[in-house]
Amino acid sequence: MKMTLKSLLSATALAMLPLGASAAFAEDLPPCDNCSDSMVLMSWGGAYQASQVAAYAEPYSKLTGVKITWDEGSNEAIAKMRAASEAGNMTYSLVDVEGPDSQRACDEGLAEEIDFDKDLAAAPDGTAASKDFGSAIINECFVPQIVFSTTFGYRTDVKEWNGKVPDNLCAIFDLENFPGMRALEKRPKKNLEWALLCDGVPKEELYTVLSSEGGVDRALAKLDTIKDQVVWWSAGAETPQLLADGEVVMGSTYNGRLFSAIVEQKQPIGMLWDWQVFDFDGWVVPKGLDEAQKNRVLHFLNFATDTQRLADQAKYISYGPARASSQPLVSTHATLGIEMAPYMPTNPANQKNYLVNNIEWWADNQDEVEVAFQNWLSK
């Protein structure tokens with residue numbers, strides 16, 4: 001199923017449910033027969049994982065007594081799942097991945113296919129899960145949680161900028177008007193698209209150019225213009241910390257990380273929404289689990305991805321829930337009391353220019369492009 005942001009938001013607009021509606025109230029949680037008493041969940045750490053813990057992992061543990069252990073290795077999820085599968089010892093119960101990695105896991109037979117309407121809770125009004133999630137279900141193995149974006153934060157107090165602040169993506173490549181170190185993820189995804197946009201490639205031609213001979217090299221050549229001014233990050237928490245410490249003046253990271261730095265930590269950081277890159281994040285169930293472990297995982301997923309739990313997660317972090325029925329239940333931050341809408345990537349005010357991660361292209365090309373990118377980095 002092809003992912004489009006427009007179709008997701010259209011479904012959201014149609015979901016007009018009363019506040020407080022829930023797909024599965026705690027008292028309705030059914031028993032779990034022949035289920036293990038522990039799980040190992042792989043996620044991303046930081047503010048996002050904290051939102052998972054608060055919204056549904058901790059409540060589930062309290063209801064069931066299940067012990068949940070976390071592995072903060074999702075940036076290497078496919079490699080870790082491959083290694084565990086080859087060793088015949090799948091140690092992960094459930095793995096949190098971005099859309100393209102879910103496609104790779106599914107294509108490589110590393111993840112189980114999901115019966116969405118059997119395994120996941122319906123919406124409060126009875127709408128089947130498959131319809132409620134809509135285009136967020138990007139393949140048979142992917143259980144959606146949130147829509148998020150990767151975008152840029154910048155220091156608001158850089159003296160050398162003489163009062164100016166970045167107002168478009170290509171400020172990243174403008175060392176004359178915005179001098180200082182940048183932070184970019186140590187992966188080709190998103191960096192290549194941003195480089196081509198700032199090299200004059202129209203949005204609708206990005207993946208045509210990347211697929212053409214010399215297309216990837218063109219993007220790397222644009223990145224070459226700032227390469228000696230870049231700190232490369234591997235974990236989403238790094239850029240907010242680098243910005244807070246003044247070691248970089250601007251950098252990419254997940255919008256939820258920037259929300260935490262700006263709103264919760266009150267750092268002198270601004271958000272640049274121009275050409276934010278949308279993606280879905282969700283769960284995959286690894287193949288190779290024993291029956292008791294798989295039963296526990298499906299029981300947890302039914303609870304953790306219901307309407308109320310995904311709405312609850314959006315109260316802790318500025319990522320939009322993937323269920324249409326969850327959207328109307330999100331209003332203010334769980335502890336700060338502020339309206340969350342201005343900080344959501346799906347807010348129309350933040351969508352003047354945006355990209356949707358091309359899952360099919362990256363699933364087909366990521367390994368080859370990753371090699372080219374790492375070779376370029378080493379030069």
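Residues numbered from 1 in each chain as written. Predicted model: local features only at pLDDT ≥ 70, side-chain atom pairs only at ≥ 80, totals over all residues. Heavy atoms only, no water.

## Brief notes about the overall build of the protein chain
Consideration 1: When helices and strands are counted, the protein chain shows 14 helices and 10 strands.
Consideration 2: Taking 21 Å as the expected radius of gyration for a compact globule of 379 residues, we find that the protein chain reaches 21 Å, a close match to that expectation.
Consideration 3: C-alpha extents for the protein chain along the principal axes are approximately 65 × 45 × 35 Å.
Consideration 4: For the protein chain, restricting intrachain contacts to residue pairs at least 6 apart in sequence, the fraction spanning at least 24 positions comes to 78%.
Consideration 5: Accessible surface computed for the protein chain: about 15500 Å², of which carbon and sulfur atoms make up 48%.
Consideration 6: Counting 31 positive and 53 negative side-chain charges, the protein chain places the averaged centre of each group 3 Å from the other. (Helix = DSSP H or I, 4+ residues; strand = E, 2+ residues; numbered from the N terminus. Rg over C-alpha atoms; globule rule 2.2 N^0.38 Å. Contact = heavy atoms within 4.5 Å. Areas by Shrake-Rupley, 256 points an atom, 1.4 Å probe, with all protein chains shown as cover. Lys, Arg positive; Asp, Glu negative; His and termini not counted. Charge placed at Lys NZ, Arg CZ, Asp CG, Glu CD.)

## Thoughts on the nonpolar core
Consideration 1: Met39, Tyr56, Leu94, Val95, Trp283, Phe300 and Leu301 are the most contacted members of the largest nonpolar core, which has 50 residues in total.
Consideration 2: The element contributing the most residues to this core is helix α12 (residues 291-304), with six residues.
Consideration 3: Ignoring anything within four residues of it in the chain, the contact list for Leu301 reads Leu94, Leu120, Val143, Trp283 and Val285.
Consideration 4: Core analysis: the next-biggest nonpolar cluster, separate from the first, contains 40 residues, Val201, Val216, Met250 and Phe373 among them. (Core = buried A, V, L, I, M, F, W, Y, C linked by side-chain atoms within 4.5 Å. Buried < 20%, exposed > 50% of the residue type's maximum accessible area, 1.4 Å probe, protein only.)

## Description of the state of the cysteines
Consideration 1: Using the criterion set out here, one finds three disulfides in the structure.
Consideration 2: Two residues, Cys32 and Cys35, share a disulfide whose sulfurs are 1.7 Å apart. What sets the handedness of the Cys32 and Cys35 disulfide is the S-S torsion sign, and at about -65° it is left-handed.
Consideration 3: Of note for the protein chain: the bonded cysteines, numbered N- to C-terminal, pair according to 1-2, 3-4, 5-6. (Disulfide = S-S within 2.5 Å.)

## As for the confidence of the model for the protein chain
Consideration 1: Overall, the prediction assigns the protein chain a mean pLDDT of 90, with 93% of residues at 70 or greater.
Consideration 2: Here residues 1-26 is modelled with pLDDT under 50, and outside its nearest four sequence neighbours on either side it reaches 61 contacts, counting other chains as well. (pLDDT = per-residue confidence, 0-100.)

## Digging into the pattern of salt bridges
In a structure, side chains of opposite charge can pair up when their charged atoms sit close to one another.
Consideration 1: Taken as a whole, this structure holds 16 salt bridges when the rule is applied.
Consideration 2: The partner of Arg82 in a salt bridge is Asp367, with the nearest N and O atoms 3.7 Å apart. Taken together, the residues Arg82 in helix α3 (residues 77-86) and Asp367 in helix α14 (residues 359-378) connect sequence positions 285 residues apart.
Consideration 3: Residue class for Asp367 comes out partly exposed when judged on its relative accessible area of 44%.
Consideration 4: For Arg155, the salt bridge is made with Asp157, and the minimal N-O distance between the two is 2.7 Å.
Consideration 5: On the basis of relative accessibility, which here comes to 12%, the residue Arg155 falls in the buried class.
Consideration 6: Connected via shared salt-bridge partners are Arg82, Asp101, Arg104, Glu108 and Asp367. (Salt bridge = Lys/Arg side-chain N within 4 Å of Asp/Glu carboxyl O.)

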